[in-house]
Amino acid sequence: MPTPALNDDEIRERLARLTGWQREGDSIVKNYRTDTYLAGIALATAIGVISEGLDHHPELTIGWRRLRVSYCTHDAGNRLSHKDFDAAERVDALGYPPGS
């Protein structure tokens, strides 16, 4: 059974609860700056483990001292669903960068 997509009001409400995430079309995206390349790899790995546990996998783009995370729900017609925001909340719970 497909996952229902959220409407614009639901998306705005859920996005307001997150730190540093932005809507880009039918995805939510967060860009991280890391102290080193390996810190970005480690963060991507932690996000991958969280996402695997949720069976909801983001697009991860790793660069030199930066990481881009993008979620959308494929079985909701490549639109946003509760799965994206639930995953983003778990990623935020990592507390990266420290002090955030």
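To start, this report covers the structure provided alongside it. Only a predicted model underlies this, so the values are computations on that prediction, with no experimental measurement involved. (Residues numbered from 1 in each chain as written. Predicted model: local features only at pLDDT ≥ 70, side-chain atom pairs only at ≥ 80, totals over all residues. Heavy atoms only, no water.)

Focus on the side chain of Thr73
- Relative to the helices and strands, Thr73 resides in the loop between β4 (66-71) and α3 (82-92).
- Within the structure, Thr73 has its side chain in polar contact with the side chain of Asp84 (distance 2.7 Å).
- Excluding residues within four positions of it along the chain, Thr73 makes contact with Thr3, His56, Asn78, Arg79, Ser81, Lys83 and Asp84. (Helix = DSSP H or I, 4+ residues; strand = E, 2+ residues; numbered from the N terminus. Polar contact = N/O pair within 3.5 Å; in protein donor to acceptor, adjacent residues only side chain to side chain. Contact = heavy atoms within 4.5 Å.)

Examining the sheet that holds strand β2 (residues 27-33)
- Strand order in the open sheet formed by four strands is β1-β2-β4-β3, and the pairing between neighbours is antiparallel. Of all the strands in the sheet, just β1 (22-24) and β3 (59-63) have a single pairing partner and so form its edges. Across the sheet, the mean angle from the axis of one strand to that of its neighbour is 25 degrees, orientation sign disregarded.
- Two strands pair when backbone bridges link them, and β1 and β2 are joined in this way by three bridges, in the antiparallel orientation. Residue pairing in the sheet places Glu24 in a bridge with Ser27 of β2.
- Against the sheet, helix α2 (residues 37-54) contacts β2, β3 and β4, and its axis sits at roughly 20 degrees relative to β4.
- Packed onto the sheet, α3 meets β2 and β4 and runs at close to 15 degrees relative to β2. (Pairing = 2+ DSSP bridges. Axes fitted to C-alpha atoms, helices over the stretch in contact; angles between N-to-C directions.)

What about the pattern of salt bridges?
- Applying the stated criterion across every chain, the model contains ten salt bridges.
- In this structure, Asp92 and Lys30 form a salt bridge, with 2.9 Å as the shortest nitrogen-oxygen distance. Here Asp92, found in helix α3, pairs with Lys30, found in strand β2; they are 62 residues apart in sequence, far enough to count as distant. With respect to class, Asp92 is no different from Lys30; both count as buried.
- Two residues, Lys83 and Asp75, come together in a salt bridge whose shortest N-O distance is 3.6 Å.
- You can call Asp75 partly exposed: its relative accessible area is 35%.
- By sharing partners, the salt bridges in this structure join Glu13, Arg14, Arg17, Asp86 and Glu89 into a single network. (Salt bridge = Lys/Arg side-chain N within 4 Å of Asp/Glu carboxyl O. Buried < 20%, exposed > 50% of the residue type's maximum accessible area, 1.4 Å probe, protein only.)

With respect to the packing of aromatic side chains
- In the structure shown here, the tally under the stated rule is two aromatic pairs.
- Here Trp21 and Tyr71 contribute two aromatic rings whose centre-to-centre distance is 6.0 Å and whose plane-to-plane angle is 40 degrees, an arrangement assigned as tilted. Here Trp21 is found in the loop between α1 (8-16) and β1, whereas its partner Tyr71 is found in strand β4, with 50 residues between them in sequence. Each member of the pair, Trp21 as well as Tyr71, carries the same accessibility label: buried. (Phe/Tyr/Trp six-rings, centres within 6.5 Å; stacked < 30°, edge-to-face > 60°.)

Brief notes about the nonpolar core
- Residues Trp21, Ile28, Tyr32, Ile47, Tyr71 and Phe85 are the most contacted members of the largest nonpolar core, which totals 19 residues.
- Elements that contribute at least two residues to this core include exactly α1, β2, α2, β4 and α3.
- It is α3 that contributes the most residues to this core, four residues altogether. (Core = buried A, V, L, I, M, F, W, Y, C linked by side-chain atoms within 4.5 Å.)

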